[in-house]
Amino acid sequence: MTPGRPVPPPLAKPLPDLTTGTTDSTDTLTPGPSLAAAYGATASDSGLVPLTVARRAPKDDDVEIAIEFCGLCHSDVHATRGEWGTQNYPLVPGHEIVGRVSRVGSAVDEFSLGERVGVGCLVDSCRECESCRDGLEQYCENGMTGTYGAKDRRNRDAITQGGYATSVVVDRRYVLHIPDGLDPAAAAPLLCAGITTYSPLRHFGLEAGDVVGVVGLGGLGHMAVKLAKAMGAEVKVFTTSESKVAAARELGADDVILSRDEAAMDAANRSIDVIIDTVAAPHDLNPYFRTLRVNGALFQLGLPSEEMPPVNPGALIRRRIAYAGSLIGGIAETQEMLDFCAEHGVTSDIELVRADHLNAAYDRMVAGDVKYRFVLDTSTLGTPSERADA
């Protein structure tokens, strides 16, 4: 167990039956599911289209959320277009959810009606394995349940449907408090991009005065810059594009290094304590290893679809460098991140989009034409039909 890391509550009693009009063990009527307007894909080549999804009635431990905003993540594009393997369609993406509590189950006392809350990349885990007990639900040894496109084992293996919708129902253990000081739309990407970059910085034990290198200046990279600066670090951004030099400085970077400039890379030798690599395309890591000091670390966050050039183990051995990966964060750490962001005024730079502009936004994301995250305004989704599509 990581010292000082909060742990989640113990496994709750089994949840009651979802069948419309049935009664549970206390003879309390269990209402039927509600309907939510949504946008999602019906096939890998369908694009995003209007849909209606069924949401279960809140059980004892559930929180129903009226969604206000949902961030668009590049992984949403991969999932809906079937680029990460076989998907179950219809599929409603979205795992950066911010909204207000509209109903709660009888066992919920930590959330109140009207409170602004959030849901990130997972909505359940086994709650029993060592990782879950340590507050590392993202590394659940029996597999976490993703916010969309995953089998919900506590609810008859129904496929989870995400936040491009007007509502969602989530177990209270996976719901987060959104601090009052955060702009709700700009806070939505914190639930993925924010925690993805915060977690490795915390794991490394970043301290004020340390030097952080950030490779890539997209949705993840711009959050890494902001968070590292808020932690008191000196930040150096690596980029292949001269056009991003000014943008990096506007975000707070202390230095910008053109990674194709050999002289600039040589000048950065042994100058950095930890690197956050956000690039999702194949690239050579060995030049970045040379910029790390003894006991430095490079965290790989971007996940290329093709093989990366080989790592030279000598570069790691000669300076005791760690090469590691990192995946979002647990629930307790995500709440810690939100509270930190509220305290330091950190949010994502966003562009709001309407539901009928989602497909254009996807194309712009693929082209890298966004500074730095799109967020869906769910008030533009319209109203659900009388029959659920999913």
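Reading guide: rules and limits
Counting from 1, residues in each chain are numbered in the order their sequence is written. Local features in this predicted model are restricted to residues of pLDDT 70 or higher, and side-chain atom pairs are both shown and tallied only at a pLDDT of 80 or more, whereas totals for entire chains, interfaces and linings draw on every residue. Side-chain metrics in this entry use all non-hydrogen atoms of the structure; hydrogen atoms and water are not considered. By definition, no residue in a patch forms a salt bridge, and every one has over 30% relative accessible area; like charges are joined within 9 Å, nonpolar side chains (Val, Leu, Ile, Met, Phe, Trp, Tyr) within 5 Å. Where accessible areas are quoted, they stem from the Shrake-Rupley method and a 1.4 Å probe; at the residue level, only the protein chains shown are allowed to cover. Criterion for a salt bridge: a side-chain nitrogen of Lys or Arg within 4 Å of a carboxyl oxygen of Asp or Glu. In DSSP terms, a helix is any run of H or I states spanning at least four residues, a strand is any run of E spanning at least two, and both are numbered starting from the N terminus. Only protein chains enter the calculation, and the probe is 1.4 Å; a residue is then buried if its accessible area is under 20% of its type maximum, exposed if over 50%, and partly exposed in between. Whether two residues are in contact is decided by their heavy atoms, any of which lying within 4.5 Å being enough. N or O atoms within 3.5 Å of each other form a polar contact, as long as, within protein, one can give a hydrogen and the other can take it, and as long as residues adjacent in sequence are counted only when both atoms are side-chain atoms. Looking at any residue, its pLDDT shows the predictor's confidence there, from 0 to 100.

Draft legend 1. Examining a nonpolar patch on the surface more closely. Taken together, the side chains of Y139, M144 and L327 present a nonpolar region at the surface, about 240 Å² in accessible area. Along the polypeptide, L327 turns up in the loop between strand 17 (322–325) and helix 10 (331–344). Owing to a relative accessible area of 39%, L327 belongs among the partly exposed residues under this scheme.

Draft legend 2. How the structure looks around the environment of R55. Positionally, R55 belongs in strand 2 (residues 49–55). According to the relative accessible area criterion, R55 is buried, its value standing at 6%. In the structure, R55 is positioned 21 residues away from S34 in sequence and 5.2 Å away in space, judged by C-alpha atoms. Excluding residues within four positions of it along the chain, R55 makes contact with P33, S34, A36, Q161, G162, A165, S167, V168 and V169. Among the polar contacts made by the side chain of R55, one reaches the main-chain carbonyl oxygen of Q161 at a distance of 2.8 Å.

Draft legend 3. Highlighting the confidence of the model for the chain. For the chain, per-residue confidence averages 91 on the pLDDT scale, and residues scoring 70 or more make up 92% of the total. Every residue in residues 1–30 is under pLDDT 50, and counting partners more than four places away or in other chains gives 55 contacts.

Draft legend 4. Focus on unusual backbone geometry. The omega torsion across Y89 and P90 is 0°, close enough to zero to call that bond cis. With respect to the element layout, P90 can be found in the loop between helix 1 (74–80) and strand 4 (97–104). Omega for the peptide link from K371 to Y372 comes to -5°, which places this bond in the cis form. By secondary structure assignment, the location of Y372 is in the loop between helix 11 (358–367) and strand 19 (373–377). Phi is positive for R156, which is not a glycine, with a value near 60°. A relative accessible area of 58% places R156 in the exposed class.

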